[in-house]
Amino acid sequence: MKVTFKDCWYPDFDNQLLRKGTFFIDGDKITFKEPVGENDALFTNALVTPGLFDAHSHVAMDLFRGIGDDVSLDEWLNDYIWPLEARLNDDYVYWSSLLACLELIRSGSTTFLDMYFWEKATLKAAKEVGIRPIFTPGVIERPGWESALERVEELKNLGALVGVGPHALYTVSMKIMPEVVEFAKKNNLFLHMHLMETASEEAFIHNTLGKDYLKRLEDIGFFDVPVVFAHGVHFSEEDFDFLGKKNVVVAHCPQSNMKLSSGLFRWDKAKNNGVKVGIGTDGAASNNNLDFIEELRTGVLLARGVSGKPDLLSPLEALESATAVPAKVLGLPLGEIKEGYWADVVVWDESDISMVPVDKPEDWLSHIVYSSGSQAVKDVFVQGRWVLQNKSFVGINPLEVSDEVNKRRQSIRKEDIL
Ligand SMILES: [Zn+2]
């Protein structure tokens with residue numbers, strides 16, 4: 001596929017500015033040299049950004065949206081989510097993932113970093129929608145836990161991007177963690193783990209591993225590979241200082257943290273210590289949607305609210321967190337409009353009410369972060385594939401997906417889990 005973006009505006013993170021120029025999609029890559037062949041599409045003077053990168057998700061949880069809305073994380077997991085998950089199967093996960101992939105694409109996300117089960121069903125759904133999943137099958141210490149590592153290999157053989165997902169320090173002890181880390185190192189894969197999400201988790205970690213738990217992880221080689229930590233709400237100053245020196249990105253999930261009353265992530269402290277921050281939607285059961293633009297806005301507003309610093313992050317920096325930052329940590333050619341990078345491109349609707357007015361192009365950056373929403377996402381390309389065309393999904397009927405997911409919600413919930 002050849003797509004021309006003529007005289008379009010796009011963010012240049014290296015120089016921290018909005019640049020005007022002409023570039024192309026050639027097959028599945030971005031190039032600045034005009035490829036030969038017929039144009040499949042032409043955008044002129046448009047505002048474009050790289051595809052957004054959801055750095056922490058559980059997409060199949062769309063099926064549980066709105067269940068257990070008013071309880072704490074512990075109660076939510078024990079009384080609602082885990083009993084429901086015990087009933088899941090490929091069919092539930094497939095339809096729920098389809099719904100989630102549509103939600104993500106609609107808000108400009110082209111990549112999601114997922115931790116869950118039944119990944120092959122999610123992979124099938126993602127392929128149909130055209131979004132890029134990165135799978136980190138969740139390791140939970142119980143008999144047969146090794147199957148998660150087998151699934152990593154299986155998914156890799158199917159051509160999917162993968163990492164290793166020790167679920168959390170309260171579900172994976174230091175008894176098996178060295179083996180999990182060794183597997184990641186041996187296979188050159190990154191690690192993805194929930195960490196310091198709640199105060200009770202903080203107490204548990206400090207009691208079992210000590211306040212220098214990150215050093216304990218370092219001692220077993222945890223930081224010898226790239227790392228994604230989800231949440232990090234209860235990191236101490238010492239933790240931030242430690243993480244600033246490592247190839248780590250913290251996936252900040254502001255809406256999930258606030259909805260579960262888990263606490264407020266300190267983006268200001270992360271930034272002061274050089275810790276890289278990405279944005280994650282977490283699952284729809286604790287969010288309750290996967291609107292990535294909304295998530296980004298919440299994250300930035302929250303950072304300003306808790307820090308008292310209105311100049312903490314520029315809109316461009318915020319957008320970089322939502323695109324290039326996690327991609328760089330994982331070493332993927334993604335999240336930037338650059339020669340040879342994977343062609344994930346979002347074309348914005350500058351005439352949408354939320355994107356008006358502008359008197360200089362930089363106003364658009366502010367509008368994306370502080371004003372816009374899914375309604376301003378017009379076209380989305382993932383690896384050169386046109387998956388959202390003038391606000392319509394390509395090859396998928398969202399009404400059919402909604403219908404099928406509704407049927408499955410009725411059959412999985414039954415009367416016992418209210
Ligand atoms: Zn999570």
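Definitions and limits used
- Residues numbered from 1 in each chain as written.
- Predicted model: local features only at pLDDT ≥ 70, side-chain atom pairs only at ≥ 80, totals over all residues.
- Pairing = 2+ DSSP bridges.
- Helix = DSSP H or I, 4+ residues; strand = E, 2+ residues; numbered from the N terminus.
- Axes fitted to C-alpha atoms, helices over the stretch in contact; angles between N-to-C directions.
- Domains from an automatic or database assignment.
- Buried ≥ 20, exposed ≤ 12 C-beta atoms within 10 Å, placed from the backbone.
- Contact = placed C-beta atoms within 7 Å.
- Parallel < 35°, antiparallel > 145°, perpendicular 65-115°, else oblique.
- Left-handed = near helix turned anticlockwise from the far one by under 90°.
- Nonpolar A, V, L, I, M, F, W, Y, C, P; charged D, E, K, R; others polar.

A separate point is the sheet that holds strand S3 (residues 29–31). Pairing in this open sheet of 4 strands is mixed, and the strands run S3-S2-S1-S4 from one edge to the other. In this open sheet, the two edge strands, each paired with only one partner strand, are S3 and strand S4 (41–44). Going from strand to strand, the sheet's axes swing by 40 degrees on average, the running direction of each strand aside. In terms of strand pairing, strand S1 (residues 2–12) meets S4 through 4 bridges, oriented parallel. Residue pairing for S4: Val 3 is matched across the bridge by Ala 41.

When its domains are assigned, the protein resolves into domain 1 (2–50 + 336–393) and domain 2 (52–330). One C-alpha centre belongs to domain 1, the other to domain 2; they are set 27 Å apart. Elements with a contribution of two residues or more to the side of domain 1 that touches domain 2: strand S5 (48–50), helix H14 (362–370), strand S17 (377–382) and strand S18 (385–389). For the side of domain 1 that touches domain 2, the leading source of residues is H14, giving 5 residues.

We now examine unusual backbone geometry. In this structure, the amide linkage connecting Asn 287 to the following residue, Asn 288, adopts the cis form with an omega of 5 degrees. Within the secondary structure, Asn 288 sits in the loop between strand S15 (276–279) and helix H11 (292–307). Even without a glycine there, the phi angle at His 231 is positive, about 90 degrees. Within the secondary structure, His 231 is located in strand S13 (residues 227–231). We classify His 231 as buried; it has 27 C-beta atoms within 10 Å.

What follows deals with the sheet that holds S18. Taking strand neighbours across the sheet as the criterion, the 5 strands line up as S5-S16-S17-S18-S19 in an open arrangement whose pairing is antiparallel. Only two strands of the sheet have a single neighbouring strand rather than two, namely S5 and strand S19 (392–393). Taken together, the 3 bridges between S17 and S18 define a ladder with antiparallel strand orientation. By the bridge assignment, Val 382 is partnered in S18 with Arg 385. Helix H2 (residues 90–106) rests against S17, S18 and S19 of the sheet, and its axis sits at about 85 degrees to S18.

Within the element layout of this structure, Tyr 10 appears in strand S1. Here the alpha-carbon distance between Tyr 10 and Phe 183, two residues 173 residues apart in the chain, equals 39 Å. Leave out the neighbours within four places in its chain, and Tyr 10 touches Arg 19, Val 48, Thr 49 and Ile 337.

One way to put it is that H2 packs onto helix H15 (residues 398–413) with a least axis distance of 9 Å and a crossing angle of 135 degrees. Relative to H15, the element H2 is oriented oblique. Crossing angle aside, the handedness with which H2 passes H15 is left-handed. Only Pro 398, Val 401, Ser 402, Glu 404, Val 405, Arg 408 and Ile 412 of H15 make contact with H2, whose side of the interface consists of Tyr 92, Trp 95, Ser 96, Leu 98, Leu 99 and Leu 102. Of the residues belonging to the contact of H2 with H15, the class tally is 9 nonpolar, 2 polar and 2 charged.

A few words now on the pairing of strand S16 (residues 345–348). Residues of S16 alternate between two faces, with Val 345 and Val 347 on one and Val 346 and Trp 348 on the opposite face, all of them buried. Relative to S16, S5 is paired through 3 bridges, and the arrangement is antiparallel. Within S16, the residue paired with Val 48 across the bridge is Val 347. Sheet analysis places S16 next to S17, joined by 4 bridges and oriented antiparallel. Residue pairing in the sheet places Trp 348 in a bridge with Val 377 of S17.

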